[in-house]
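Residue-level structural notes
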Amino acid sequence: MKKQSIWIGSVLACLCVWAVEGGAQQVQQPGQDPRVGLKAGATDAGVAARNMELVANLPKPPGFGDATGTGGLAFANSDLAFKGGNLFIGNFAGFNFYDIEDPRKIRLRTSVPCPGGQGDLSIYGNLLFMSVEQGNGRVDCGAQGITGAPNAPSAERFRGVRIFDITDINKPVQVAAVQTCRGSHTHSLVPNPKDLSMIYVYGSGTGGVRSDQELAGCSSGSPTDDPNTALFSIDVIAVPVKNPAAAKIVNRPRIFADTQSGAIAGLWPGGAHGDGTQRTSTTNQCHDITVYPELGLAAGACSGNGILLDISDPVNPKRLSEVSDINFAYWHSATFNNDGTKVIFTDEWGGGTSPRCRETDLPSWGANAIFEIRDKKMIFRSYYKLPAPQTEFENCVAHNGSLIPVPGRDIKAQAWYQGGVSVFDFTDATRPVEIAFFDRGPIFADKLVTGGYWSTYWYNGFIYGSEIARGVDVFELKPSEFLSENEIAAAKLVHMNEFNAQSQPKMSWPQVPVVARAYMDQLTRSKSLKAEQATALNDALTAVERAGAADRAAAVTALEALLPAIEKQGGSANPIDAAKYRAMVATIRGVAAK
């Protein structure tokens, strides 16, 4: 196969980059990429992995499709949510709960058939939320379909957000079903720090608007003709935590409105941006909204635009700024970095069912766009795309991922459908670099079926992958030149009791020696901290750890004596390293103070 220049970093033994707008670059690793040319197979495909290890795999249970992708999206695994030692995986045909107390021995707990797609799930306490958008969804979760003429209005049909009580995790009980005009493709949970008795749900519908004969008040009219159109808005659902049956829509904010005229269709109108550019979808919906409640912010991936929202008042989100991109077809999802100074948007060019990582596909199409956030404005810095070309029989494009909580760094584990899992560092927003990956060969060698990873999320020390056709995978990161043993150990100190990727939590690290050593490893890797300095710091830190009561004061004094020079050195470092110096010194002082 003829090699194209856009993939040169993957096939030639040189360190190469992709140049993009503004001089930003994606760093490519040297050498032949082992992901190229993997053997096809539903259950026996070839595998390539670097710096991460598959530690468990469990096929989908009966009734939810098989590894060949038979049934297509009707039986596709979708998004993940977590609570304690449990993993929840949505499916277009329902959902499954898994016991992950021992991630290496994952086991199925509960299966619930409940068609309607996509089946994306979120968890809040003992409540499970599920998105339903397709027309075959029933109020009662039945699998028999809707009676009557096709597409005729029906009281049986459900499109919106289901709510289940999972107090008994083995017996989920539906306690509410909030109908919406466009259904719920995805949703995001938004807690209100001022009122913990209420949880809010931002519902994003991407389907057609249902008839007002089926649900009163629904209209698909043009915004110029009908100011009450169900287009150009999201749904805000209020859920009383102690009475979820009373859940209801409380607002449909017009977050795409023109700030000057007030016209509700105020953002990208749809179409190409000029010769040689991508055709971008009309901004009349959001696909995904990632909320960051602690910062009062949300990032909306809204078909034709990426938008930044103020959610300090969850019922009335306000748009702060928006961006567009000539290379994006469909703004799909978003991820903030931990301090909220960056945001990644993904482009689901081809809808997720098409091969969009081929040698001939542009590296800025179907990719991530990385922005810095300054004064509530988003500034483009670079693109990141899976650096290994995939075949024409592998659906592949940027999809869902989450942060890996390594202190001092911005690292994301991301799903690329049949492109596998890519773990990359975007601490330097202008030069993202892949640091680990896992990939299988295509399901079939001669035909395209939809498969691969829908989502890959870090949770309490492991990366979990929702594989559309093949089930669920569990991974563990391995130390490498890109990620040290101390950094992995520090990441594992971040423990979450619940995790929904679209509701980002603020992560923090204890002031313990392994966290300080993680910063040391980073500064040594960047050559800002000399090896002999790191050795002296590590030895002094070890002495404090091992000191008895009689010797501790002297060991602490010796350790603290090293810090002024280190602080001074950090003051003249580049901004990224300077922040690591400050965090390292603060952590060491915290250790010394205990």
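Anything mentioned here points back to the structure above.
Residues numbered from 1 in each chain as written. Predicted model: local features only at pLDDT ≥ 70, side-chain atom pairs only at ≥ 80, totals over all residues. Heavy atoms only, no water.

1. A few points about the state of the cysteines
Considering all chains together, one arrives at 4 disulfides under this definition. The disulfide partner of Cys181 is Cys218, and the gap between their sulfur atoms is 2.1 Å. The sign of the -90° torsion about the S-S bond sets the Cys181-Cys218 disulfide as left-handed. Here the residue Cys181 occupies a position in the loop between strand 12 (173–179) and strand 13 (186–191), and Cys218 occupies one in the loop between strand 14 (198–204) and strand 15 (235–240), the gap between them amounting to 37 residues. (Disulfide = S-S within 2.5 Å. Helix = DSSP H or I, 4+ residues; strand = E, 2+ residues; numbered from the N terminus.)

2. Quick look at the sheet that holds strand 16 (residues 248–251)
In space, the 4 strands of this open sheet follow the order 13-14-15-16, with antiparallel pairing throughout. Each edge of the sheet is formed by a strand with only one pairing partner; in this case those strands are strand 13 and strand 16. Sheet twist, expressed as the mean angle between neighbouring strand axes with direction ignored, is 35°. Direction of pairing for strand 15 relative to strand 16: antiparallel, over a ladder of 3 bridges. Within strand 16, the position partnered with Val236 by the bridge is Asn251. (Pairing = 2+ DSSP bridges. Axes fitted to C-alpha atoms, helices over the stretch in contact; angles between N-to-C directions.)

3. Considerations on the packing of aromatic side chains
For the structure shown, the criterion picks out 21 aromatic pairs. Taken together, the aromatic side chains of Phe328, Trp331, Phe345, Phe371, Phe380 and Tyr383 make up a single cluster linked through ring pairs. Taking the ring centre of Phe437 as reference, the NZ or CZ of Arg35 above it sits at 3.6 Å. (Phe/Tyr/Trp six-rings, centres within 6.5 Å; stacked < 30°, edge-to-face > 60°. Lys NZ or Arg CZ within 6 Å of the ring centre and 35° of its normal.)

4. Comments concerning the nonpolar core
If you look at the biggest cluster of nonpolar residues, it comprises 26 residues, and the most contacted ones within it are Leu529, Leu537, Met584 and Ile588. Looking at this core element by element, the count peaks at 7 residues for helix 7 (residues 575–593). Ignoring any residue separated from it by four or fewer positions in sequence, one finds Ile588 in contact with Ala516, Met520, Leu537, Leu559 and Leu563. Among the nonpolar cores identified, the runner-up in size contains 22 residues, and Val423, Leu477, Phe482 and Ile488 belong to it. (Core = buried A, V, L, I, M, F, W, Y, C linked by side-chain atoms within 4.5 Å. Buried < 20%, exposed > 50% of the residue type's maximum accessible area, 1.4 Å probe, protein only. Contact = heavy atoms within 4.5 Å.)

5. Points about helix 5 (residues 552–561)
Buried within helix 5 we find Ala555, Val556 and Leu559. Along helix 5, the residues classed as buried sweep out an arc of 100° about the axis, all on the same side. Of the exposed residues in helix 5, the ones pointing more than 90 degrees away from its buried face are Ala553, Ala554, Thr557 and Ala561. (Arc of directions from axis to C-beta.)

6. Points about the sheet that holds strand 9 (residues 118–124)
Across the sheet, which stays open at both edges, the 4 strands sit in the order 9-10-11-12 with antiparallel pairing between neighbours. With one partner strand each, in any of the chains shown, strand 9 and strand 12 form the two edges of the open sheet. Taking the axes of each pair of neighbouring strands and ignoring which way they run, one obtains an average angle of 20° across the sheet. Relative to strand 12, strand 11 (residues 160–165) runs antiparallel, the two sharing 6 bridges. Residue pairing in the sheet places Ile163 in a bridge with Ala176 of strand 12.

7. Points about helix 3 (residues 513–525)
Compared with an ideal rise of 1.5 Å per residue, which puts 13 residues at 18 Å, helix 3 spans 18 Å between its outermost C-alpha atoms and is within 8% of the ideal. The set of residues buried in helix 3 consists of Pro513, Val515, Ala516, Arg517, Ala518, Tyr519, Met520, Gln522 and Leu523. Where helix 3 is buried, its residues meet helix 2 (485–491), helix 4 (531–546) and helix 7. Taken from the residues just after helix 3, Lys527 is the one with a positive phi, measuring 65°. (Expected span 1.5 Å × (residues − 1).)

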